[in-house]
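Structure at a glance
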Amino acid sequence: MPGLKREATILPILEDYVTLPYPKPLFFGQGEGEYQAPFLGYNFISGRFPIGLNDEQRASSTLLLASFLKELHAFPVDKAIEKGVPFDSRNLLDLPSRKKKMFLFLETISPGLDKEEFALLKAYLKELKTAPIHRKDVFLHGDLHFKNILVDKHAHISGVIDWGDMNIGHPACDLSIAFSFLPVTEREKFFHVYGEVDEETFLLARFLAVFIPTLILMQAFEDQEERIVAEAKEAIFRALQD
């Protein structure tokens with residue numbers, strides 16, 4: 001219920017800040033009869049998940065994505081706090097504990113990796129620095145990955161969906177999409193538009209670009225969703241490219 005109320009409050013005013021389409025609440029339902037749960041009704045955003053795109057298709061959305069995140073992260077934090085948006089409750093800045101989890105996840109997903117993929121991911125985790133990350137507070141989508149992006153028939157981003165995890169936290173949480181979704185050759189162009197980031201943000205964004213698709217990959221293995229498995233794997237190893 002609190003999450004729905006936040007969406008109903010924040011999403012309508014967000015359109016003054018961002019240019020990419022996103023679902024805007026049209027009505028709030030309290031639930032009745034056999035269905036007691038509250039719900040929101042949104043406008044329809046057309047498009048499909050960006051699954052199976054080639055590098056050229058992905059690159060066509062670099063400027064759109066960079067501009068969107070620059071706009072989103074400029075949303076006034078004080079206004080977000082006033083509207084009840086929470087601070088990060090998932091402790092994303094705790095790299096040591098998440099690194100430990102990733103080693104456990106690596107064993108879980110190892111049957112779906114070849115020897116080279118397993119070795120590459122293991123080497124990255126071993127070398128990952130876990131010095132404390134300094135806190136930075138911006139307004140975030142909070143769960144930005146390929147399953148929460150839509151593209152049109154030309155493979156251009158047509159919308160950003162699923163805002164249930166929006167929060168105030170480190171920009172690297174959203175910037176991970178630049179590593180997991182865009183070709184490595186597009187990173188410089190992306191950050192030229194978004195703005196320069198420090199080494200700490202770069203490190204955390206890349207790690208989350210590995211961590212988040214790994215969670216998706218494990219669920220896709222369980223659900224036997226082959227296309228999602230393939231896309232999540234590509235996202236992980238795209239993020240590891242230099």
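This write-up is about the structure you can find in this document.

Parameters and conventions
- Residues numbered from 1 in each chain as written.
- Predicted model: local features only at pLDDT ≥ 70, side-chain atom pairs only at ≥ 80, totals over all residues.
- Heavy atoms only, no water.
- Patch = residues over 30% accessible without salt bridge, like charges linked within 9 Å, V, L, I, M, F, W, Y side chains within 5 Å.
- Areas by Shrake-Rupley, 256 points an atom, 1.4 Å probe, with all protein chains shown as cover.
- Salt bridge = Lys/Arg side-chain N within 4 Å of Asp/Glu carboxyl O.
- Helix = DSSP H or I, 4+ residues; strand = E, 2+ residues; numbered from the N terminus.
- Phe/Tyr/Trp six-rings, centres within 6.5 Å; stacked < 30°, edge-to-face > 60°.
- Buried < 20%, exposed > 50% of the residue type's maximum accessible area, 1.4 Å probe, protein only.
- Lys NZ or Arg CZ within 6 Å of the ring centre and 35° of its normal.
- Arc of directions from axis to C-beta.
- Core = buried A, V, L, I, M, F, W, Y, C linked by side-chain atoms within 4.5 Å.
- Contact = heavy atoms within 4.5 Å.

**Quick look at a nonpolar patch on the surface**
On the surface, Leu26, Phe27, Tyr35 and Phe39 cluster together to form a nonpolar patch covering roughly 440 Å² of accessible area. By secondary structure assignment, the location of Phe27 is in strand 1 (residues 25–29).

**Concerning the packing of aromatic side chains**
Overall, the coordinates contain 13 aromatic pairs when judged by the stated rule. Measuring from ring centre to ring centre gives 4.8 Å for Tyr17 and Phe75, while their planes differ by 65°; the resulting arrangement is edge-to-face. With Tyr17 in the loop between helix 1 (2–14) and strand 1 and Phe75 in the loop between helix 3 (62–72) and helix 4 (77–82), this residue pair connects regions lying 58 residues apart in the sequence. Judged by relative accessible area, Tyr17 falls into the partly exposed class, the value being 26%. Cation over ring: Lys24 sits above Tyr22, and NZ or CZ is 4.3 Å from the ring centre.

**Some details on helix 3**
Taken together, the buried positions of helix 3 are occupied by Thr62, Leu65, Ala66, Phe68, Leu69 and Leu72. Axial view of helix 3: buried residues confined to an arc of 160°, hence all on one face.

**Some thoughts on the nonpolar core**
Ranked by size, the top nonpolar core spans 71 residues in total, and within it Leu14, Leu69, Leu121, Phe139, Trp163, Phe190 and Phe207 carry the most contacts. Once residues lying within four places of it in the same chain are set aside, the contact partners of Phe139 are Ile10, Leu14, Leu72, His73, Phe75, Val77, Ala80, Val85, Trp163, Met166, Asn167 and Asp174.

**Structural notes on the environment of Glu188**
Here Glu188 lies in helix 9 (residues 187–194). Sequence separation of Glu188 and Phe105 is 83 residues, and the distance between their C-alpha atoms is 30 Å.

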